[in-house]
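Overview (structure and organization)
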Amino acid sequence: MSSVRTAVDPTTGAYAENREAALARVADLAEQHAKALAGGGEKYVARHHGRGKLTARERIELLVDQDSPFLELGALAGWGTDFTVGGSIITGIGVVEGVECMIIANDPTVKGGSSNPVTVKKGFRAAQVAAENRLPTINLVESGGADLPTQKDIFIPGGASFRNITQASEDRRPTVALVFGNSTAGGAYVPGMSDYVVMVDGGAKVFLGGPPLVKMATGEESDDESLGGAQMHAKQSGLADYLAVDERDAIRLGRQIIRRINWRKAGPVPVSSYAEPVLDPEELLGIVPTDLKVPFDPREVIARLVDGSEFDEFKPLYGQSLVTGFAQLHGYPIGILANAQGVLFSQEAQKAAQFIQLANQTDTPLLFLHNTTGYMVGAEYEQGGIIKHGAQMINAVSNSKVPHISIVMGASYGAGHYGMSGRAYDPRFMFSWTGAKSAVMGPAQLAGVMEIVARQSSESKGIAFDAEGFQGIKDLVEAQIEEQSLAYFTSGLGYDDGVIDPRDTRTILGICLSTIANAPVEGARGYGVFRL
Ligand code: COA
């Protein structure tokens, strides 16, 4: 094993400047997360507590094992839209009775916990994470059903959420519904499709139609309890398997159910003891420059993420703009691809493709650390076959069968985003650091390209190009692309699983690798390694 030596000097001005800027970004991240933590705001939280109910986050806290972490996914979903940040639902991986579970909790303080387009998208992502990593699912239900003003955007696609529950069951991944409150109309199918159902006496209301709707439809006089109360479902309809006396009892019963599912992880077992990194993860804040155009050595990052700071580099003298190598993280083997100088040339693309094949041969999960401006352009590179070589890398990434995790450290532009297993390539998990930017290209470059295109268009029509007039448009476009490239924005759109403090990366990766180990980890079969 080769330990990584460090060239990072915490006494330099550049380090101090980077660190200060990173700390400001991390403080801002806490402010953005506070929006999600606030749910529907003080008034609705107070009203909810006043009714003797726990908030969604309090329910999760009681459900998971004491002092165990909860890896929240999509906390900033809806950021930058008119919807409440978080999308009226909380999703994440929590450990219940020692079992990693996907936990999905409606937030009844946000528009009665109703589902808007952000909620639906986030719920689908949670279902995907549970399916790919073979996790049991626990739904904490209290929802007003469809967000009526946006029903056109959710009604038709939203139906898949019920199918996802029953398909999880078909896949032998247990599904549990703890029903705390309203679960009407379509929402009734959440307990309806789940393997195990717990209902809170006096709280749960599970019916296809409430009293007013029944009156309209059939003229029958009814009340909530006879139509869908917990007692009725436990004693008459049989939809409730367990009757909980209150919310805490429902959580206790949820834990009891998980205790009996006889869960066995089907993936690799980590080594029992491993060393923490020798180099301090705190220094990650001083390593990444504020200006993404300034390159940094990703080995410095890797050395602060992996066990013992030990990294065995593969092909270190070839394609040096991409660092590849093997390491161990929280006891799990991992292959790492990390951009160094930003641009991906032919050598880098071929090195990546070869390395990805090697990882598949040894069933080793892959970590992609993004900081790329994309594949190299220009006549020399086109003539040298950059498209073919980039295609080899994208082919290898697309057909790789080992789990991928992507972390956007800095830039993630152009096809480089794809080659580095961007969102469309289905990495099991993807997180962005606070200063990350993802876009088709850098904002200044994009605005410059638009100017050249506009100039050529004017010339072809024989019209003089108004460079001064176009400057305003160019500035506007640049500012817009800048904003839309930011991590909050892309996270708000659901293009990653969250924006994170770089110092938390090792812990988060450890949780991800442990989660991934619920399913078998097997690389692609069928070909040997193509030497490229
Ligand atoms: N779509 C959009 N907004 C909804 C909503 C829905 N389905 N359900 C509730 N809201 C809104 C309310 O308009 C209210 O907004 P406001 O505070 O800005 O006025 C807010 O959420 C809280 O609702 P409220 O009724 O005061 O809360 P509650 O806790 O007393 O009751 C419900 C919650 C869900 C039981 C109740 O709001 C309800 O029955 N909603 C309609 C349920 C329904 O029929 N959904 C359609 C199913 S497909």
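Cut-offs and rules
- Residues numbered from 1 in each chain as written.
- Predicted model: local features only at pLDDT ≥ 70, side-chain atom pairs only at ≥ 80, totals over all residues.
- Heavy atoms only, no water.
- Pairing = 2+ DSSP bridges.
- Helix = DSSP H or I, 4+ residues; strand = E, 2+ residues; numbered from the N terminus.
- Axes fitted to C-alpha atoms, helices over the stretch in contact; angles between N-to-C directions.
- Contact = heavy atoms within 4.5 Å.
- Parallel < 35°, antiparallel > 145°, perpendicular 65-115°, else oblique.
- Nonpolar A, V, L, I, M, F, W, Y, C, P; charged D, E, K, R; others polar.
- Domains from an automatic or database assignment.
- Buried < 20%, exposed > 50% of the residue type's maximum accessible area, 1.4 Å probe, protein only.
- Core = buried A, V, L, I, M, F, W, Y, C linked by side-chain atoms within 4.5 Å.
- Phe/Tyr/Trp six-rings, centres within 6.5 Å; stacked < 30°, edge-to-face > 60°.
- Lys NZ or Arg CZ within 6 Å of the ring centre and 35° of its normal.
- Salt bridge = Lys/Arg side-chain N within 4 Å of Asp/Glu carboxyl O.
- Near = heavy atom within 4 Å.
- Polar contact = N/O pair within 3.5 Å; in protein donor to acceptor, adjacent residues only side chain to side chain.
- Left-handed = near helix turned anticlockwise from the far one by under 90°.
- UniProt positions renumbered as here; feature names shortened; annotations may be inferred.
- Patch = residues over 30% accessible without salt bridge, like charges linked within 9 Å, V, L, I, M, F, W, Y side chains within 5 Å.
- Areas by Shrake-Rupley, 256 points an atom, 1.4 Å probe, with all protein chains shown as cover.
- Expected span 1.5 Å × (residues − 1).
- Arc of directions from axis to C-beta.

- The protein chain appears in an unreviewed UniProt entry as Acetyl-CoA carboxylase, carboxyltransferase component from Aeromicrobium choanae.

1. Side note on the sheet that holds strand β2 (residues 89-96)
- Judged by pairing direction, the sheet is mixed, and its seven strands sit side by side in the order β1-β2-β3-β4-β5-β6-β7 without closing on themselves. Strands at the two margins of the open sheet, each flanked by one partner only, are β1 (70-73) and β7 (242-244). With direction set aside, neighbouring strand axes in the sheet form an average angle of 20°.
- Packed on one face of the sheet, helix α21 (residues 505-516) meets β1, β2 and β3 (99-106) and runs near 90° to β1.

2. Remarks on the packing of helix α4 (residues 117-133) against helix α5 (residues 151-158)
- Where α4 meets α5, the closest approach of the two axes is 9 Å, and the angle between their N-to-C directions is 25°. As the angle between them shows, α4 and α5 are arranged roughly parallel. Counting all contacts with α4, which are made through Pro117, Val120 and Phe124, the residues of α5 involved are Asp153, Ile154, Pro157 and Gly158.
- Within the contact of α4 with α5, the residues separate by chemical class into five nonpolar, one polar and one charged.

3. Considering the domain arrangement of the protein chain
- Considered domain by domain, the protein chain is made up of domain 1 (25-259), domain 2 (281-435 + 486-516) and domain 3 (441-485).
- Computed from C-alpha atoms alone, the centre-to-centre distance between domain 1 and domain 3 is 47 Å.

4. Some details on unusual backbone geometry
- One non-glycine residue, Ser88, lies in the positive phi region at around 60°.
- Secondary-structure assignment places Ser88 in the loop between β1 and β2.
- By relative accessible area, which is 3% here, Ser88 ends up buried.
- Even without being a glycine, Ser309 presents a positive backbone phi close to 55°.
- In this fold, Ser309 is placed in the loop between α13 (298-302) and β8 (312-314).

5. Concerning the nonpolar core
- Grouped together as the largest cluster of nonpolar side chains are 46 residues, with contacts concentrated most on Met102, Val301, Ile336, Leu369, Ile407, Phe429 and Phe431.
- In terms of residue count, α21 provides more of this core than any other element does, six residues in total.
- Looking at this core, you find at least three residues from each of domain 1 (25-259) and domain 2 (281-435 + 486-516).
- Residues in contact with Phe431, not counting those within four places in the same chain, are Leu71, Leu73, Ser406, Ile407, Val408, Asp497, Gly498, Ile500, Ile508 and Cys512.
- Among the nonpolar cores identified, the runner-up in size contains 26 residues, and Val64, Ile103, Ala244 and Ile257 belong to it.

6. Points about the packing of aromatic side chains
- What the rule picks out here adds up to eight aromatic pairs.
- Between Phe314 and Phe355, the ring centres sit 5.7 Å apart and the planes meet at 35°, which makes this aromatic pair tilted. On the criterion of sequence distance, the pair formed by Phe314 in strand β8 and Phe355 in helix α14 (residues 346-361) is long-range, its members being 41 residues apart. Judged on exposure class, the residue Phe314 and its partner Phe355 are both buried.
- Site record: aromatic cluster; members linked through ring pairs are Phe314, Phe326 and Phe355.
- A cation sits over an aromatic face here: Arg59 above Phe180, 4.1 Å from the ring centre.
- Sitting above the plane of the Tyr318 ring, Lys315 keeps its charged end 5.0 Å from the centroid.

7. A word on the pattern of salt bridges
- Within the structure shown, the criterion is met by 28 salt bridges.
- A salt bridge links Asp171 to Arg173, with the nearest nitrogen and oxygen atoms 2.9 Å apart.
- Given a relative accessible area of 6%, Arg173 falls into the buried group.
- Here Arg503 and Glu282 are joined by a salt bridge, their closest N and O atoms 3.0 Å apart.

8. Observations concerning the site of the ligand
- Residues in close proximity to the ligand total 13 residues, the closest being Tyr44, Arg47, Arg51, Gly144 and Ala146.
- Contacts to the ligand include Arg47, whose side-chain N or O atom sits 2.9 Å from an oxygen atom.
- Taking Gly144, its main chain carries an N or O atom lying 2.7 Å from a nitrogen atom of the ligand.

9. Concerning the packing of α14 against helix α16 (residues 386-399)
- Interhelical geometry of α14 versus α16 gives an angle of 25° and a closest axis separation of 8 Å. On the basis of their axis angle, the class for α14 and α16 is roughly parallel. In this structure, the crossing between α14 and α16 has a hand that is left-handed. Residues Ser346, Ala349, Gln350, Ala352, Ala353 and Ile356 of α14 touch α16, and the partners they reach there are Ile386, His389, Gly390, Gln392, Met393, Ala396 and Val397.
- Classifying every residue of the contact of α14 with α16 by side-chain character gives eight nonpolar, five polar and no charged.

10. So, the UniProt feature "domain: CoA carboxyltransferase C-terminal" (unreviewed entry) in the protein chain
- The sites that UniProt annotates as "domain: CoA carboxyltransferase C-terminal" (unreviewed entry) are residues 280-532.
- Helix makes up 42% of residues 280-532 and strand makes up 20%, while its end C-alpha atoms are separated by 36 Å.

11. Side note on a nonpolar patch on the surface
- On the surface, Tyr527, Phe530 and Leu532 cluster together into a nonpolar patch covering about 340 Å² of accessible area.
- Position of Phe530 relative to the elements: it lies in the segment after α21.
- By relative accessible area, Phe530 is classed as partly exposed at 47%.

12. Thoughts on the pairing of strand β10 (residues 332-339)
- Extensive coverage of β10 is indicated by the burial of seven of its eight residues.
- Bridging between strand β9 (residues 322-329) and β10 involves eight bridges; their strand directions are antiparallel. In the sheet register, Leu322 faces β10, and the bridge partner there is Asn339.
- Between β9 and β10, which pair antiparallel in sequence order, lie two residues; one of them, His330, sits at a positive phi of approximately 50°.

13. A look at helix α18 (residues 443-460)
- Taking 1.5 Å of rise per residue, the 18 residues of α18 would be expected to cover 26 Å, and the 26 Å separating its terminal C-alpha atoms lies within 8% of that figure.
- Inspection of α18 places Pro443, Leu446, Ala447, Glu451, Ala454 and Ser458 among the buried residues, and these make up the whole buried set. When α18 is viewed along its axis, its buried side chains cluster within an angular range of 140° and face the same direction. Exposed residues lying more than 90 degrees from the buried face of α18 are Glu459 and Ser460.
- Considering only its buried residues, α18 is in contact with β14 (404-413) and α19 (467-485).
- Phi for Gly462, located one or two positions after α18, is positive at around 75°.

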